[in-house]
Amino acid sequence: MSEQKRKSPKEYKGRPGFEVVSSEKFGIQRKIVANMTVESWDNIPHSSGLYEPDATELLAEFKKLRQRPEWQGISLNTVMLYVIAQGLTACPAMNSWIKFNRRFINGVIERFEDVNISMPTIMPDGTPITINVHNCERMGLREMQDYINDMRRKMANTNMDDAMYEVGFHDTMQKLKSGRVVKALCRLIGAKVGCGPIHKLKGEARKEYFKIPKNDRITRTDIEQGTIVVSNVGSVYRGGNYLAACLLEIIPPQVCAICISCICEKPGVVTRADGTKELAPRQFLPITLAVDHRAMDFGDCMPFIACLDEIFKNPSVIESWL
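Since the model is a prediction, treat every value here as computed from it, not as a measurement.

1. Brief notes about the overall build of the protein chain
In step 1: Broken down by element type, the protein chain carries nine helices and 10 strands.
In step 2: Intrachain contacts of the protein chain at a sequence separation of at least 6 include 70% that bridge at least 24 residues.
In step 3: Entry remark: accessible area of the protein chain is about 18,700 Å², with carbon and sulfur atoms responsible for 54%.

Structure (C-alpha cells):
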C-alpha cells in the first residue's frame with residue numbers, strides 16, 4: 001500500500017500507534033467465567049503443585065484393553081477422569097467446599113461423599129462449556145463414558161445462552177437469599193446493561209425449544225457447579241510438545257482444582273527384575289493440583305497421591321473398572 005493511501009493508526013486512550021482492530025462485548029458465557037475467576041483470585045490463597053507419575057504401564061494396559069470389543073469407545077480422558085474420581089473418594093479433603101468469614105475469621109469446611117466433577121469441554125460449535133459429571137464415585141467406567149457421550153448428544157439440541165442464563169439467574173437468586181443484596185442487584189443490572197449479545201430464544205422459537213424434553217437438552221443441573229473442577233489440557237492440545245498447566249483457579253466455594261496435562265516422553269529410571277536400574281524412555285503424565293490454603297495443606301492431599309500411585313504402579317486394576 002502506498003504512503004498516500006495508508007491511514008494513520010487510531011489512537012487508543014491517547015496512545016499513538018495503538019490501533020483497535022475490533023471490539024466485542026462480553027456475552028453471557030464470558031461474563032460468568034470472568035466473574036467466577038475474578039472472585040477466585042480475589043478471595044482464595046492459592047497454592048499449587050505438580051504431580052508427575054510414570055504412566056507408561058497404564059497407557060500400555062489401556063492400549064491392550066482397547067483391542068477388546070467391550071472396551072471399544074472408552075477414551076483415555078474417561079479413564080483418567082475415573083482415576084481422579086478414585087483419588088477423590090480416598091481423599092474427601094479435596095472434595096470439599098469452604099465457608100469463610102474474613103471479618104470474624106470464622107470458617108467451615110463441608111466434605112462431600114458424592115464426587116461431582118465439573119469437566120470443561122467444547123461444544124460442537126467451538127463454545128467452551130463445563131459439564132457436571134454427577135456421582136462419579138458410583139459409576140463404572142462404561143457408565144461414565146455413556147454419561148459423557150449423552151452430554152455431548154444433548155449439546156446438539158441446546159441453546160447455550162438460555163442454559164447459561166438459567167445458571168446465572170439461579171446463582172444470583174441464591175446470593176439474594178443469602179443476604180448479598182448489593183451483589184445480586186449489580187448482577188441483575190449488569191445482565192441488562194452493557195452486555196454483549198445473548199441469543200436467547202423468543203416467541204414461537206422459545207416455545208418450540210422448551211418442547212424438547214429436559215433429558216434431551218442441557219439444563220442447569222447438567223452445568224451447575226460440582227464439588228471440584230478437573231480439566232484435561234491433554235485432550236485439547238495435540239501438538240506433540242510438552243504442555244503442562246502451572247496455575248489453576250479454584251472456583252469458590254470449592255477448595256481444590258485439578259488439571260491433567262499432556263503426556264510427556266522423557267528418560268526415567270527403570271528397576272529391572274534383578275534390582276539393577278537403568279535409564280529408559282518413559283511416558284509421564286503431569287497432573288497439577290491447586291488447593292485453597294485456608295481449607296487445606298498439601299499434606300492433606302497425600303491420600304489422593306497415594307491412591308494414584310497405587311493405580312499407576314498396578315495398572316491391571318483398570319480391567320475391573322468396566
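2. Overview of the environment of R238
In step 1: Its location among the elements puts R238 in the loop between β6 (228-232) and β7 (256-260).
In step 2: With 24 residues separating them in the primary sequence, R238 and C262 have C-alpha atoms 8.3 Å apart.

3. Quick word on the sheet that holds strand β10 (residues 287-292)
In step 1: The strand order across the open sheet built from six strands is β1-β10-β7-β6-β4-β5, with neighbouring strands paired in mixed fashion. At either end of the open sheet lies a strand with only one pairing partner, and these are β1 (46-51) and β5 (128-133). Ignoring which end each strand starts from, the neighbouring axes of this sheet average 25° apart.
In step 2: In this structure, strand β4 (residues 117-122) lies alongside β5, joined through six bridges in antiparallel fashion. Its bridge partner lying in β5, I117 is registered against V133.
In step 3: Across the face of the sheet, helix α9 (residues 302-313) comes into contact with β1, β7 and β10 while running at roughly 15° to β1.

4. A short note on the side chain of T37
In step 1: Here T37 shows up in helix α1 (residues 28-43).
In step 2: A polar atom in the side chain of T37 sits 3.2 Å from the backbone oxygen of A34.

5. Details of the nonpolar core
In step 1: Counting 63 residues, the largest nonpolar core has L88, M94, I117, I258 and F304 as its most contacted members.
In step 2: No other element matches helix α3 (residues 76-90), which puts eight residues into this core.
In step 3: Every residue in contact with L88, bar those within four places of it in the chain, is listed here: M94, N95, V115, I117, I228, I258 and F304.
In step 4: With seven residues, the next largest nonpolar core counts L248, I250, A257 and A290 among its residues.

6. Re the packing of α3 against α9
The description of two packed helices rests on the angle between their axes and on the distance between the axes.
In step 1: Packing of α3 against α9 leaves a shortest axis separation of 7 Å and a crossing angle of 135°. Classified by the angle their axes make, α3 and α9 are oblique. Every pair of crossing elements has a handedness; the one defined by α3 and α9 is right-handed. Where α3 abuts α9, its residues M80, V83, I84, Q86, G87, L88 and A90 lie against P303, F304, C307, L308, I311 and F312.

7. Considerations on the pattern of salt bridges
Oppositely charged side chains are able to pair whenever their charged atoms sit close together.
In step 1: Counted by the stated rule, this structure contains 17 salt bridges.
In step 2: The closest approach of N and O atoms between E52 and K266, which form a salt bridge, is 2.8 Å. Placement of E52 in the loop between β1 and α2 (56-65) and of K266 in strand β8 (residues 264-271) is noted, with a sequence separation of 214 residues between them.
In step 3: Note on E52: relative accessible area 27%, which makes it partly exposed.
In step 4: In this structure K266 comes out as partly exposed when scored by relative accessible area, which is 28%.
In step 5: For R138, the salt bridge is made with D114, and the minimal N-O distance between the two is 3.0 Å. Of this pair, R138 sits in the loop between β5 and α4 (141-155) while D114 sits in the loop between β3 (106-111) and β4; the two residues are 24 residues apart in sequence, bridging distant segments of the chain.

Rules used in this analysis
- Residues numbered from 1 in each chain as written.
- Predicted model: local features only at pLDDT ≥ 70, side-chain atom pairs only at ≥ 80, totals over all residues.
- Heavy atoms only, no water.
- Helix = DSSP H or I, 4+ residues; strand = E, 2+ residues; numbered from the N terminus.
- Contact = heavy atoms within 4.5 Å.
- Areas by Shrake-Rupley, 256 points an atom, 1.4 Å probe, with all protein chains shown as cover.
- Pairing = 2+ DSSP bridges.
- Axes fitted to C-alpha atoms, helices over the stretch in contact; angles between N-to-C directions.
- Polar contact = N/O pair within 3.5 Å; in protein donor to acceptor, adjacent residues only side chain to side chain.
- Core = buried A, V, L, I, M, F, W, Y, C linked by side-chain atoms within 4.5 Å.
- Buried < 20%, exposed > 50% of the residue type's maximum accessible area, 1.4 Å probe, protein only.
- Parallel < 35°, antiparallel > 145°, perpendicular 65-115°, else oblique.
- Left-handed = near helix turned anticlockwise from the far one by under 90°.
- Salt bridge = Lys/Arg side-chain N within 4 Å of Asp/Glu carboxyl O.

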